[in-house]
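For reference, the chains in residue letters:
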Amino acid sequence: MLSENIRAMRKSKGLSQQELAMKLNVVRQTISKWEQGRSVPDSDMLILISEALEIPVSTLLGETIAETQVDDLKAISEKLEIINLQLAQKNVERRNRIQGSLIVLCSMIVVISAVFMVLNSPYLSWDYHDPETAVLGVGFHILEWLFVRIAPIIFAGAVVGIFFTRKSR
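Residues numbered from 1 in each chain as written. Predicted model: local features only at pLDDT ≥ 70, side-chain atom pairs only at ≥ 80, totals over all residues. Heavy atoms only, no water.

## Observations regarding the overall build of the protein chain
Part 1 of the argument: When helices and strands are counted, the protein chain shows seven helices and zero strands.
Part 2 of the argument: Secondary structure elements of the protein chain, listed N to C terminal, follow the sequence α-α-α-α-α-α-α.
Part 3 of the argument: Over its C-alpha atoms the protein chain spans a radius of gyration of 36 Å, topping by over 25% the 15 Å that the globule rule assigns to 169 residues.
Part 4 of the argument: In terms of principal-axis extent, the alpha carbons of the protein chain reach across some 105 × 35 × 25 Å.
Part 5 of the argument: Evaluated residue by residue, the protein chain yields a buried proportion of 23% over its 169 residues.
Part 6 of the argument: Contacts in the protein chain between residues far apart in sequence, at least 24 positions, make up 61% of those at least 6 positions apart.
Part 7 of the argument: Accessible surface computed for the protein chain: about 12,300 Å², of which carbon and sulfur atoms make up 63%.
Part 8 of the argument: Considering the protein chain, the positive charge centre built from 18 side chains and the negative charge centre built from 18 side chains are found 4 Å apart. (Helix = DSSP H or I, 4+ residues; strand = E, 2+ residues; numbered from the N terminus. Rg over C-alpha atoms; globule rule 2.2 N^0.38 Å. Buried < 20%, exposed > 50% of the residue type's maximum accessible area, 1.4 Å probe, protein only. Contact = heavy atoms within 4.5 Å. Areas by Shrake-Rupley, 256 points an atom, 1.4 Å probe, with all protein chains shown as cover. Lys, Arg positive; Asp, Glu negative; His and termini not counted. Charge placed at Lys NZ, Arg CZ, Asp CG, Glu CD.)

Here it is in structure tokens:
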């Protein structure tokens, strides 16, 4: 009875003879002898076995315990569920980082737009006969178009898009 109970509980916990032997600081052959009924553990070892298998000593000494099969499909599905939850969490974190980066970028665009509005396009009164001044003036004009005229529209669209795509929590 004891030998059958040790074997059944070890298998129900998903432990090999070697793993149980390591927990008990004995060799694998000792576990094998106990399970085959060729030897019996002493009282101190029974206590250690019950602790390792997380069952009371009385259960080890009592009636035969039916082997519970480790449900492989259930174990795999639980592991897959954990992996899916971790992936979903990473996706949410990545989406939040991207949204934060876009908000910072849009905020910088708003600040640059405000600077261009305050300056009131002073480059338009420059003398464009000098090629370097002409190139610099065209560059400022492009930046003004990007940041003052186009960027606020993109910023407003991004803000609206963020609010419509954000899930309620």
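## Side note on the nonpolar core
Part 1 of the argument: Residues Leu20, Leu24, Trp34, Ile49, Leu53 and Leu60 are the most contacted members of the largest nonpolar core, which totals 16 residues.
Part 2 of the argument: With five residues, the next largest nonpolar core counts Ile109, Phe116, Val148 and Ala151 among its residues. (Core = buried A, V, L, I, M, F, W, Y, C linked by side-chain atoms within 4.5 Å.)

## Considering unusual backbone geometry
Part 1 of the argument: Positive phi is not limited to glycine here, since Asn25 has a value of about 60 degrees.
Part 2 of the argument: As for its placement among the helices and strands, Asn25 is situated in the loop between α2 (17-24) and α3 (28-36).
Part 3 of the argument: Exposure remark for Asn25: the relative accessible area of 71% places this residue in the exposed category.
Part 4 of the argument: Despite not being glycine, Glu54 has its phi angle at roughly 60 degrees, a positive value.

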